[in-house]
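Here are the chains, one letter per residue:
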Amino acid sequence: MRLVVPLQGVVQGRGGLIFGSLIPCALFYFLQLYLKRHRSPNSRSNPPSPSASAQNLAEMNRTSSRSNLLSRGSIVPVLISSLATSISKPNDSPYYIGLDKASEDPYDRIGNPDGVIQLGLSENRLCFDLIEKWMLENLNDSMRGRKGGDLSISGIASYQPLDGTMELKMAMAGFMSRVMGGAASFEPSQMVLTAGATPAIETLCFCLADHGNAFLVPTPYYPGFDRDMKWRTGVELIPVHCRNTDNFVLSISALNQAFNQTRKRGTKIRGILLSNPANPVGNLLSREMLCDLLYFAREKNIHIISDEIFAGSIYGNEEFVSIADVVDSEDFDKSRVHIVYGLSKDLSLPGFRVGMIYSFNENVLAAARKLTRFSSISAPTQRLLVSMLSDARFIKEYIATNKKRIRNMRDLFVAGLEGLGIRCADSSAGLYCWADLSKLILTYGEKGELELWEKLLHVAKINMTPGSACHCIEPGWFRCCFTTLDKEDIPVVMERIRKLADTDAASRG
Amino acid sequence: MAIEIEKPGVGLSKVAVSETHGEDSPYFAGWKAYDENPYNESSNPSGVIQMGLAENQVSFDLLEKYLEEHSEASSWGKGAPGFRENALFQDYHGLKSFRQAMANFMEQIRGGRAKFDPDRIVLTAGATAANELLTFILADPGDALLVPTPYYPGFDRDLRWRTGVKIVPIHCDSSNNFQVTPEAMEAAYRCAESMNLKVRGILITNPSNPLGATIQRSVLEQILDFAVNKNIHLVSDEIYSGSTFSSSEFISIAEILETRGYRDSERVHIVYSLSKDLGLPGFRVGTIYSYNDKVVTTARRMSSFTLISSQTQHLLACMLSNREFSENYIKTNRERLTKRYDMIIKGLKNAGIECLKGNAGLFCWMNLSPLLEEPSRESELELWKIILNEVRLNISPGSSCHCSEPGWFRVCFANMSEQTLDIALERIHKFMERRRRN
């Protein structure tokens, strides 16, 4: 009837015309009704004539879509938060994809010689035998302790200080000092212990920045920062690009430029995030550079976070200088300096989850202490480590042997790469080398780099971390961790790379 | 040493300077008083007795016995063959053996009336982290969670501080033993709406802290229906499930889901921990059990900020998969808690004090409203101060638990020896006598 009424209005008053227009309209209407009833719900109707079709079409589609909804059920799924929705998406970073692939099909010299060789995980397995030996000789004594005394189960079962026991802090202070060459000394009261360096850095971020603020981060940087510093804090990371021509060392002018550009677009910078020793490049910040950075931070009134988690992995001749050392010896405003450390790299115990925030700022320490309730170190682990770290003889031997073995492995690995015409950036620390594979890229650029990464992973079956995952501005660089290998595996790696390069060269003609 | 020149300091974040950590409330102030003058049977018999800490110390001997007899749990076996793998293990999935052991333990606590899939267990460093993590996942900043009062004071911090999520209370009162009602839930929902807050979920604690009582089956059904009706999540913090005095009296939300054929389960998440039932808060062991795949995936990824030491996972996997140990522990722990509860209720009754009828937990919910000058929060805090300073007992005032009725206090009984509990009851008795005489 809806069709007929407007038409009727148009021809109002003229009887003959009414009937003349009514009857075809009525017939038309009944035709549409017939077609509607006999059409399946999903198909689209072909409009019989342009003028009348639109309304009918809309009506039919409305009806059909409504019935579809009912047949699916009227259940709307319960929603999760926006944060969770973005995290639930499959991980698209090559860093994580590579790690997953390598763990699905892990290389084993005997058991799985065609598996994926893991060069993407910066874990130190070279001195594990020393730790195992210590465990066998000392474990039972350190764990059980005297019955009924402070070392029995009731001593570690109950609530401990959430930011770590004083015993462990003291042991960590001693260890850090030795690991960093003895120049800097650390105050246990300025430590907040956390379940790994991952929550340490996130907690610091929560203390120093609000949602929407930013940190300047020299590139290339550890891919995990994108998750650890940003996910829940809502903070932005602004890359400050470093180049091969400078051996990837940060320049103050680049820092300044990034700072000004960011401020211009209205984002507040709260600090600089440094990794020293650097990951993935493996170089060290000089004392002069650290001073320059402290001047810069003072001028802009921002914080400095120095992630020194690889401080014990120095193998070169260059001296490691902790920012704690510089701040102590010069007249700098300490309240803006914070250090992140942990035992995952230097003591090969990533599973035990031991990290820390070291700060000179009482307010930051007070806030961080309260936040450690969400990520405290498990008490039995604290007790075990107090024992191990207090064994001065063992620690001294461990640190020295560790350095030697990392250096030996690095030399072999880098020499192997050089034999293939692949050079590495100058570095003196870390569990990895920063290799220039740009000659193997077909088309120079990020796309070409990722294509090479995929070929390395799926064809050569080697997992390396591509520079783009580390926000490196120059394509072709890859991080190769060598401390998860045995010496015998190095030729295997080199052979696989050679084969890939040869195949590529052949296909290029 | 150079002279410090005053200049504007480098700023901290809003989170860092906020008061949401709540550590200035009476709940925590009492702890400070205890720390300054702690009771000790021999060296400080007139000190403050800590009755504000819900810790379970009644079954330590069982844990100690197990560890004595099973050194492989602490030492990775003879020659430590499993040590290397364990020390390097930082997978956020958690040790499969430990998740299996936790699933079994949770099933045992529920008398086998619910089944748990180890692959739905996400491990966190304590239930504190589990609750915060779930909040990050289920709600956006500015959204709200409905929580029945009275509730654990720590929620104000754990659910709100870094997440930016708000708590809207569901008011419960003594007229029906502080049980949640559909009317109260509806009122809270409307209240949230009137403040333009989007409600994302309801969080219950079952057995309840601070009430020390389990939630009845009919009420659980109503709560789940409410969540379905409003299309929101339901988080059930079952951290005291192993501390119910009788196994049959605790009904888990998992059982309700089972009877419904797991319909509507994708909105339900359970939080558990070993801090209360196993008396191991120092170990930092918590879990999220979710029936929602997306929540499991995202919680697992986010758990990288709060992983449990693999050493601890290994130790507890050994201990909890020892059927003989776990069955005996659950049974004995229940018996001892019941004994303590009976002791404190009797002692309080002798002093003329009534408590809410409880059947779980490490505390009782004591009614001191007859002692109030007037039924107000200020009056309650006055009384709390007197009890802290004169009677030298640290108990938790109901107002810090957001209880709408003044005069109720939570009193913990499992974090001390029987002798100390006796002393505490004696002090209360004397205090009540003095008041009667005046």
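This structure is a prediction, so every number in the text was calculated from the model and none was measured.

A. The sheet that holds strand β4 (residues 166-170) of chain B, seen in detail. Residues and elements named next belong to chain B. Spatially, seven strands are ordered β2-β8-β7-β6-β5-β3-β4 in an open sheet, and the strand pairing comes out mixed. Looking at strand neighbours, the two that pair on one side only are β2 (121-124) and β4, the edges of this open sheet. Between one strand axis and the next, the sheet turns through 25 degrees on average, direction left out of account. Bridge count for strand β5 (residues 199-205) against strand β6 (residues 233-237) is five bridges, and the pairing is parallel. Residue pairing for β6: leucine 203 is matched across the bridge by valine 235. Helix α9 (residues 182-194) contacts β3 (144-148), β4 and β5 of the sheet and is inclined by roughly 145 degrees relative to β4.

B. Up close: the confidence of the model for chain A. Residue and element names in this part refer to chain A. When pLDDT is averaged along chain A, the result is 86; 82% of the residues meet or exceed 70. Low pLDDT, under 50, characterises residues 1-13; the predicted model gives this stretch 12 contacts beyond four residues in sequence or across chains. For the stretch residues 40-74, pLDDT sits under 50, and the model shows 21 contacts to residues farther than four places along the chain or on other chains.

C. Geometry of the interface of chain A and chain B. With 76 residues of chain A in contact, the opposing surface of chain B contributes 73 residues. With both sides pooled, the region where chain A packs onto chain B buries about 6,700 Å², and carbon together with sulfur makes up 61% of that total. Put simply, chain A and chain B have two salt bridges between them. Close ionic contact of Arg162(B) with Glu202(A) constitutes a salt bridge, the shortest N to O distance being 4.0 Å. Where chain A touches chain B, the interface holds 25 residue pairs in polar contact (both at pLDDT 80 or more). Among the elements of the structure, α4 (82-88), α6 (128-144), α7 (153-157), α9 (197-208), α10 (224-228), α14 (362-371) and α15 (379-390) of chain A are those that each provide at least two residues to the side of chain A that touches chain B. If one sorts the elements of the side of chain A that touches chain B by residue count, α6(A) sits on top with nine residues.

D. Structural detail: the pairing of β2(B). Residue and element names in this part refer to chain B. Because side chains alternate across β2, one face comprises the buried residues Ile121 and Leu123, and the other comprises Val122 and Thr124, equally buried. Looking at chain direction, β2 and strand β8 (residues 286-290) are connected through four bridges and run antiparallel. Pairing of valine 122 across the sheet is with isoleucine 288, part of β8.

E. Representation of the sheet that holds strand β4 (residues 236-240) of chain A in the model. Residue and element names in this part refer to chain A. Pairing within the open sheet is mixed, and its seven strands lie in the order β2-β8-β7-β6-β5-β3-β4. In this open sheet, the two edge strands, each paired with only one partner strand, are β2 (191-194) and β4. Mean inter-strand twist for the sheet, computed between neighbouring axes without regard to direction, equals 25 degrees. Pairing of strand β5 (residues 269-275) with strand β6 (residues 303-307) involves five bridges; the strand directions are parallel. Looking across to β6, one finds that leucine 274 is bridged to serine 306.

F. Examining helix α10 (residues 217-230) of chain B more closely. All names here are of chain B. An ideal rise of 1.5 Å per residue puts 20 Å on 14 residues; α10 measures up with 20 Å between its terminal C-alpha atoms. Where α10 is concerned, the buried positions are Val219, Leu220, Ile223, Leu224, Phe226 and Ala227. Here the buried residues of α10 occupy an arc of 155 degrees about the axis, which is enough to place them on one side. Here the buried face of α10 lies against β3, α9, β5, β6, α11 (253-259) and β7 (268-273). Phi turns positive, to about 55 degrees, at asparagine 231, one or two residues after α10.

G. Layout of the packing of helix α11 (residues 252-264) of chain A against helix α12 (residues 287-300) of chain A. All names here are of chain A. Between α11 and α12, the shortest axis-to-axis distance is 11 Å and the interhelical angle comes to 25 degrees. Taken together, the axis directions place α11 and α12 in an arrangement best described as roughly parallel. For the crossing formed where α11 meets α12, the hand is right-handed. Residues Ile252, Leu255, Asn256, Phe259 and Asn260 of α11 form the contact with α12, whose participating residues are Met289, Asp292, Leu293, Phe296 and Lys300. Here the residues of the contact of α11 with α12 sort into six nonpolar, two polar and two charged.

H. Spotlight on the environment of Ser75(B). The residue Ser75(B) is located in helix α4 (residues 71-75) in this model. For Ser75(B) and Asn328(B), which are 253 residues apart along the polypeptide, the C-alpha to C-alpha distance reads 23 Å.

I. Region of interest: empty space enclosed by the protein. Residues and elements named next belong to chain A. Summed over all chains, the structure comprises 10 cavities of 30 Å³ or more. Counted as a void, the largest cavity has a volume near 210 Å³. Contributing to the lining of the largest cavity are 19 residues, with Pro218, Phe248, Ser275, Ala278 and Asn283 lying nearest its centre. Within the residue set of the lining of the largest cavity, elements represented by two or more residues are β3 (214-218) and β5. With three residues, the top contributor of residues to the lining of the largest cavity is β5. There is about 80 Å³ of room inside the second largest cavity.

J. Region of the structure containing the packing of helix α14 (residues 323-350) of chain B against helix α16 (residues 418-437) of chain B. All names here are of chain B. Contact geometry of α14 with α16 gives a least axis separation of 9 Å together with a crossing angle of 20 degrees. One element, α14, and the other, α16, form an angle in the roughly parallel class. In this structure, α14 meets α16 at a crossing whose hand is right-handed. Residues Lys339, Arg340, Met343, Ile344, Gly347, Leu348 and Asn350 of α14 form the contact with α16, whose participating residues are Glu418, Leu421, Asp422, Leu425, Ile428 and His429. Taken together, the residues that form the contact of α14 with α16 break down as six nonpolar, three polar and four charged.

K. Quick look at the environment of Cys403(B). Residue and element names in this part refer to chain B. Along the chain, cysteine 403 turns up in the loop between β12 (396-397) and β13 (408-412). Judged by its relative accessible area of 10%, cysteine 403 is buried. Expressed as a C-alpha distance, the spacing of cysteine 403 and cysteine 172, which sit 231 residues apart in the sequence, is 7.8 Å. Ignoring any residue separated from it by four or fewer positions in sequence, one finds cysteine 403 in contact with Pro150, Phe178, Trp365, Gly398 and Trp408.

L. Spotlight on the packing of aromatic side chains. Residues and elements named next belong to chain B. Applying the stated criterion to the full structure yields 32 aromatic pairs over all chains. Ring centres of phenylalanine 178 and tryptophan 365 lie 6.1 Å apart, and the angle between their planes is 80 degrees; on these two criteria the pair is classed as edge-to-face. In this pair, phenylalanine 178 is assigned in the loop between β4 and α9 and tryptophan 365 in strand β10 (residues 363-367), connecting sequence segments 187 residues apart. The exposure class of phenylalanine 178 is buried, given its relative accessible area of 3%. Judged by its relative accessible area of 0%, tryptophan 365 falls in the buried class.

Criteria and thresholds
- Residues numbered from 1 in each chain as written.
- Chains lettered and ligands numbered in written order.
- Predicted model: local features only at pLDDT ≥ 70, side-chain atom pairs only at ≥ 80, totals over all residues.
- Heavy atoms only, no water.
- Pairing = 2+ DSSP bridges.
- Helix = DSSP H or I, 4+ residues; strand = E, 2+ residues; numbered from the N terminus.
- Axes fitted to C-alpha atoms, helices over the stretch in contact; angles between N-to-C directions.
- Contact = heavy atoms within 4.5 Å.
- pLDDT = per-residue confidence, 0-100.
- Buried area = accessible area lost by both parts, 1.4 Å probe.
- Salt bridge = Lys/Arg side-chain N within 4 Å of Asp/Glu carboxyl O.
- Polar contact = N/O pair within 3.5 Å; in protein donor to acceptor, adjacent residues only side chain to side chain.
- Buried < 20%, exposed > 50% of the residue type's maximum accessible area, 1.4 Å probe, protein only.
- Expected span 1.5 Å × (residues − 1).
- Arc of directions from axis to C-beta.
- Parallel < 35°, antiparallel > 145°, perpendicular 65-115°, else oblique.
- Left-handed = near helix turned anticlockwise from the far one by under 90°.
- Nonpolar A, V, L, I, M, F, W, Y, C, P; charged D, E, K, R; others polar.
- 1 Å grid on protein atoms, 1.4 Å probe; cavity = no way out; pocket = protein on both sides within 12 Å on 5 of 7 lines; lining within 4 Å.
- Points joined across faces, edges and corners; volume = space filled by probe spheres on them.
- Phe/Tyr/Trp six-rings, centres within 6.5 Å; stacked < 30°, edge-to-face > 60°.

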